[in-house]
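# Structural characterization, general
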Amino acid sequence: MRYTCPTCGLLLELRRGEQLEYFAHWRNLPGTSDCELFSPGDGGHGEAAHATLRRPVAGVEDSPLELGLVLGQVDGRWGLGLRLPEIPSDELGQTSLGTLRSALVDVYSGGDRLIRVSALDLRPGVGAARVDVLPSLRAFRTQPSGSWPNTVDTDRWQLESRGLEATGVLFRLRRGEWMRLLAESAVHHGESLLLLAEARCTPPVFSEPHAQISSGGLKWAVWDVQIPSEPDDRITSWLSRLGHDLVPRPWSLELATPARAHSSRGVPVFWVGDSPVITLEAPQPAATALVAFYSDSNSDSAGVSASQSRVAHVGVEKPNAGPTRLTVVSERSA
């Protein structure tokens, strides 16, 4: 599972001490003094410790390196999909696509094989393959099979993703797809979600279900869920039972421009000369914030005002190669 710092957005890792488990910035991708949760040292309890515990991250299963569940409509029918990683272009190299015809990835639910995916559907540039799966309480997993080019690291598809809960699983709209929330992801006041649950587990914010899906002896239903903008004890208790905390909506940022590739840790990669656009979403209409851009030892900042639809867009230009970070700081909090 991937965790990110709620302040600077860099990856976190779970560390275990003799008496305490805590989160800290990755050793190979450390935080900096620009992060309000940063504490210098050798990776002890102070360095971004408990960052995700103090301020839960509203995350979804969107890592290109992991399996992720998506919920959507195909030909007017609601269904569940499983996203698989693609083959990196540098591993395939000059190898002919024809050599992928005998390379496969098997998709399982528990001990049952659901489908075989051709490596041609995972070729570079696809982004991520999606296969249709039925709702299941059992974990989904994948493993490679067949004959693969020796330049491709097939361990990439030795993956597992938790199964569904009959009481309900929430999905958030990201980049045009309804993606399953990460375990213990935060839920924001006022946001719209989709719920996939056993048909008798009606959400407290009642609406007519979109569809019902029969699988594994259960009938599953899809509901729209509108989280109230103001605190509601019923909603808070219900979300807690699903494993989520209800928190105020912060500023959020999301890449509107697809990345050229992703690093081994899932960090998006662009080429020098690209001008990626980032979509910012404010907690409320017409909110203002300071956008800060960090690159090498340089930094720059500018004020941004969201529209009445709570959306603003920022373009990023960088003339040389190297890591880059962008943060959004509202008038009252990061």
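If you're wondering where the values come from, they're calculated on a predicted model, not measured in any experiment.

Criteria and thresholds
- Residues numbered from 1 in each chain as written.
- Predicted model: local features only at pLDDT ≥ 70, side-chain atom pairs only at ≥ 80, totals over all residues.
- Heavy atoms only, no water.
- Helix = DSSP H or I, 4+ residues; strand = E, 2+ residues; numbered from the N terminus.
- Contact = heavy atoms within 4.5 Å.
- Areas by Shrake-Rupley, 256 points an atom, 1.4 Å probe, with all protein chains shown as cover.
- Buried < 20%, exposed > 50% of the residue type's maximum accessible area, 1.4 Å probe, protein only.
- Pairing = 2+ DSSP bridges.
- Axes fitted to C-alpha atoms, helices over the stretch in contact; angles between N-to-C directions.
- Salt bridge = Lys/Arg side-chain N within 4 Å of Asp/Glu carboxyl O.
- Polar contact = N/O pair within 3.5 Å; in protein donor to acceptor, adjacent residues only side chain to side chain.
- Core = buried A, V, L, I, M, F, W, Y, C linked by side-chain atoms within 4.5 Å.
- pLDDT = per-residue confidence, 0-100.
- Arc of directions from axis to C-beta.

When its secondary structure is counted, the protein shows three helices and 25 strands. Counting contacts in the protein only where the partners sit at least 6 residues apart, residues at least 24 apart contribute 60% of the total. For the protein, the accessible surface area stands at approximately 17,700 Å², while carbon and sulfur atoms represent 48% of it.

Our focus in this paragraph is the pairing of strand β15 (residues 211–215). Looking along a regular strand, one sees the side chains alternate between the two faces of the sheet. Here β15 shows a clear split, with Ala 211, Ile 213 and Ser 215 buried on one side and none of Gln 212 and Ser 214 buried on the other. By the bridge criterion, five bridges tie β15 to strand β16 (residues 218–226) in an arrangement that is antiparallel. Of the residues in β16, the one forming a bridge with Ser 215 is Leu 218. Counting the residues that bridge the hairpin from β15 to β16 gives two residues, and of these Gly 216 lies at a positive phi of roughly 60 degrees.

The sheet built from three strands is open, its strands ordered β23-β22-β25 with antiparallel pairing. The open sheet terminates on both sides in strands that have one partner only, identified here as β23 (298–305) and β25 (324–330). For this sheet the average axis-to-axis angle between neighbouring strands, irrespective of direction, equals 20 degrees. One ladder, built from seven bridges, connects strand β22 (residues 288–295) with β25; its direction is antiparallel. Across the sheet, residue Ala 292 finds its bridge partner in β25, namely Thr 327.

The next subject is the pattern of salt bridges. Counted under the stated rule, the structure contains 13 salt bridges. Between Glu 191 and Arg 172 there is a salt bridge, and its shortest N-O distance comes to 2.8 Å. Taken together, the positions of Glu 191 in the loop between β13 (187–188) and β14 (192–198) and Arg 172 in strand β11 (residues 169–174) put the pair 19 residues apart, joining distant regions of the chain. For Glu 254, the salt bridge identified is with Arg 174, shortest N-O distance 3.6 Å. Of the two residues, Glu 254 is situated in strand β18 (residues 252–255) and Arg 174 in strand β11; the sequence distance between them amounts to 80 residues. Owing to a relative accessible area of 19%, Arg 174 belongs among the buried residues under this scheme. What you see here is one network of salt bridges that share partners, running through Glu 61, Arg 162 and Arg 180.

This part takes up the side chain of Asp 62. Note that Asp 62 resides in the loop between α1 (51–54) and β4 (68–74). In terms of polar contacts, Asp 62 uses its side chain to reach the side chain of Arg 175, at 3.1 Å.

Attention shifts here to the side chain of Ser 109. Within the secondary structure, Ser 109 sits in strand β6 (residues 103–109). Apart from the residues lying within four places of it in its own chain, the contact partners of Ser 109 are Leu 114, Ser 136, Arg 138, Ala 139 and Phe 140.

Another aspect to go through is the nonpolar core. One recurring pattern in soluble globular proteins is that nonpolar side chains are buried together. In this structure, Leu 71, Leu 82, Leu 84, Ile 87, Leu 122, Trp 148 and Phe 171 are the most contacted members of the largest nonpolar core, which totals 34 residues. Sorting the residues of this core by element identifies β4, β5 (77–84), β6, β8 (129–133), β11, β14, β15 and β16 as the ones contributing at least two each. For this core, the element with the highest residue contribution is β5, accounting for four residues. If you look at the next biggest cluster of nonpolar residues, it comprises 18 residues, including Val 187, Leu 193, Ala 221 and Ile 227.

Here we take up the sheet that holds β18. Across the sheet, which stays open at both edges, the three strands sit in the order β18-β21-β24 with antiparallel pairing between neighbours. Every interior strand has two partners, whereas the edge strands, β18 and β24 (311–315), have only one. Neighbour-to-neighbour, the strand axes of the sheet open up by a mean angle of 25 degrees, direction not taken into account.

With respect to the helices, strands and loops of the structure, Ala 321 is situated in the loop between β24 and β25. Taking the relative accessible area as the measure of exposure, Ala 321 reaches 62% and is therefore exposed. Separated by 50 residues in sequence, Ala 321 and Trp 271 place their C-alpha atoms 7.8 Å apart.

As a further point, take unusual backbone geometry. With the exception of glycine, the majority of residues adopt a negative phi angle, and the majority of peptide bonds are in the trans configuration. Unusually for a residue other than glycine, Ala 286 sits at a positive phi of about 60 degrees. Summarising the element assignment, Ala 286 is placed in the loop between β21 (277–281) and β22. Residues other than glycine seldom take positive phi values, yet Arg 310 does so here, at roughly 75 degrees. Position of Arg 310 relative to the elements: it lies in the loop between β23 and β24.

To continue, consider the confidence of the model for the protein. When pLDDT is averaged along the protein, the result is 81, and 81% of the positions lie at 70 or above. When the elements of the protein are averaged for pLDDT, α1 gives the smallest value, 36, and strand β9 (residues 140–146) the largest, 95. Contacts of residues 39–55 to residues separated by more than four positions or lying in other chains number 43 contacts, the stretch itself having pLDDT below 50.

An α-helix turns once per 3.6 residues; consequently, residues spaced three or four apart project the same way. Turning to helix α3 (residues 233–242), its buried residues are Ile 235, Trp 238, Leu 239 and Leu 242. All buried residues of α3 fall inside an arc of 95 degrees around its axis, so they share one side. Exposed positions of α3 whose direction lies more than 90 degrees from the buried face are Asp 233 and Arg 241. Those residues of α3 that are buried are in contact with β11, β13, β14, β16 and β17 (246–247). Where α3 starts, the residue carrying a side-chain oxygen 2.9 Å from the main-chain nitrogen of Arg 234 turns out to be Asp 232. Downstream of α3 by one or two residues, Gly 243 has phi in the positive range, about 95 degrees.

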